[in-house]
Amino acid sequence: MTGDRLAAPSRSDRARLRAAWMYYIEQMTQSDIADVLGVGRVTVVRMLAEARLRNEVKIAIEGELVEIVALERRLEKHFGLERAIVAPASGPEADVTPAIGAATGRYLSEAVESGLRVGVGWGRTLLNCLPFLTGRQLDDLQVISLLGGIIHARRFNPAEFAWQFAQAFRGNAYLIPAPALVDSAETRQALIERCGLKDIFEMSSALDMVVLSVGGLAAATTTTHQVGFLSEEQLDSLKAAGAVGDILFHFIDRKGRIVDHPLNDLVMSVGLDEIRHGKRRILTSGGADKTEALFGALAVIEPHVLITDEFSARRLLEAEG
């Protein structure tokens, strides 16, 4: 792929190509397109006119983004998404985390608003979105870390992302001051009930937005193993139990069901039931080792928005026929 192919399209380019695709290829009405894009009908008319002036519309739609737009629309239709964002990548085996992180940062820069209560996960993908956030002053923004893990200060830390994300928008961060994993279910309950964490968990039951990534179980790449949260033996036992990945250390199978494993009783994180009640759920993840994990996350979270890379998008669609 050329350097131009890898260049991130502007928001206006992406919206214009999406509008043109839906109008000329899918033959949607301008009013329906306006509803999908969240803009006025007059804006759609302007987008279509500009696409014609730019010579992007002839008999078919031409442009470097056409294949990406097609993948986004197929993902939206197949998985019932409000929005799919597909980031270009240099190859099927490349590290797609930076590309997905960049796309995530651009999306969140527009989506986060004053007065929201935002629950956030953790991981390399989310940490990579921070440089691409367009920070600004927002009023009454609450950012809640949905997972413990601040005992040991390190770069890949659930608290670190929540804190920096809140700082970008001058919001308040609420953290879970506990390990990601505790030694027993009784300890977990005691920390919540007797050590002041109950308020944080209650705040997480009414979220306006949820921003999550899904982790895989490949020892060579999964963050949970690389930073020392899980041993290779634990990863193997999780796989034997049917797990394909995790969301906030809740280990799930391909259908999004929590597997029967002792670790699921020891995690200091908000439950998946509370996450599913989030008003706008954003899932951002990708990579050659995460196809099955993405299926599980899509099933259990039912996200409104999926942000991934072009090769992960193809693998998802091909696996579903």
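Residue positions within a chain follow its written sequence, with the count starting from 1. Local features in this predicted model are restricted to residues of pLDDT 70 or higher, and side-chain atom pairs are both shown and tallied only at a pLDDT of 80 or more, whereas totals for entire chains, interfaces and linings draw on every residue. Side-chain measures here rest on the full set of heavy atoms in the structure, leaving out hydrogens and waters.

Under the annotation held in an unreviewed UniProt entry, the chain carries the name Sugar-binding transcriptional regulator and is attributed to Chelativorans salis.

### Re the overall build of the chain
Note the cut-off: Numbering of helices and strands runs from the N terminus; a helix is a DSSP stretch of H or I covering at least four residues, while a strand is a stretch of E covering at least two. Note on classification: 1.4 Å probe, protein chains only; a residue is buried when its accessible area is under 20% of the maximum for its type, exposed when over 50%, partly exposed between these limits. By definition in these notes, contact holds between two residues if any of their heavy atoms fall within 4.5 Å. Each accessible area is a Shrake-Rupley result for a 1.4 Å probe, and residues are judged covered by the shown protein chains and nothing else.
The helix and strand tally for the chain stands at 15 helices and 9 strands. Burial statistics for the chain: of 321 residues in total, 53% are counted as buried. Counting contacts in the chain only where the partners sit at least 6 residues apart, residues at least 24 apart contribute 72% of the total. If you sum the accessible surface of the chain, you get close to 14,200 Å²; carbon and sulfur atoms cover 49% of it.

### Concerning the side chain of threonine 125
Among the structural elements, threonine 125 can be located in helix α7 (residues 124–129). Not counting residues up to four positions away in its chain, the partners in contact with threonine 125 are Thr97, Ile100, Gly101, Ser213 and Thr284.

### Comments concerning the pairing of strand β5 (residues 209–212)
The cut-off we apply is this: The criterion for strand pairing is that DSSP finds at least two bridges linking the strands in question.
Here β5 shows a buried face lined by Met209 and Val211 and a second buried face lined by Val210 and Leu212. Sheet topology note: the strand β2 (residues 117–120)/β5 ladder contains 3 bridges and is parallel. Residue glycine 119 lies in a different strand from β5, and its bridge partner there is valine 210. Here 4 bridges tie β5 to strand β8 (residues 280–284), and the two strands are oriented parallel to one another.

### Some words on the layout of surface pockets
The criterion, for reference: Both site types are read off a 1 Å grid over the protein atoms alone. A 1.4 Å probe that fits but cannot get out defines a cavity, while an open set with protein on both sides within 12 Å along at least five of seven lines defines a pocket; lining residues have an atom within 4 Å of a point. Grid points are joined across faces, edges and corners, and a volume is the space filled by probe spheres set on the points.
Its volume calculated, the largest pocket comes out at about 690 Å³. Considering the residues around the largest pocket, the lining is formed by 25 residues, among which Leu37, Arg83, Ile85, Tyr107 and Glu110 are closest to the centre. For the lining of the largest pocket, the secondary structure elements donating two or more residues are α2 (11–25), α3 (30–37), β1 (83–87) and α6 (97–111). Ranked by residue count, the leading element in the lining of the largest pocket is α6, at 5 residues.

### Notes on the nonpolar core
Here is the rule we go by: Each nonpolar core is a collection of buried residues, namely Ala, Val, Leu, Ile, Met, Phe, Trp, Tyr and Cys, held together in the definition by side-chain atoms within 4.5 Å.
By size, the foremost hydrophobic cluster in this structure holds 46 residues, and its most contacted members are Leu75, Leu146, Leu212, Ile247, Met268, Ile275 and Leu306. Those elements giving two or more residues to this core turn out to be α5 (66–79), β1, α9 (185–194), α10 (198–203), β5, α13 (272–276), α14 (291–301) and α15 (310–319). The biggest single contributor to this core is α14, with 7 residues. Ala111, Val118, Val211 and Ile282 belong to the second largest nonpolar core, which has 33 residues in total.

### A look at the pairing of strand β3 (residues 142–145)
Worth spelling out the cut-off: Seen with its strands pointing away from the viewer, a crossover is right-handed if its path from the first strand over the helix to the second goes clockwise.
Neither face of β3 is left uncovered, since the one carrying Gln142 and Ile144 and the one carrying Val143 and Ser145 both have all their residues buried. Inspection of the sheet shows β2 paired to β3 by 4 bridges, in the parallel sense. Within β3, the residue paired with arginine 117 across the bridge is glutamine 142. Where the polypeptide runs from β2 across α7 and back to β3, its parallel neighbour, the crossover connection is right-handed. Where β3 lies against strand β4 (residues 172–174), 3 bridges are found, and the strand directions are parallel. Residue glutamine 142 lies in a different strand from β4, and its bridge partner there is asparagine 172.

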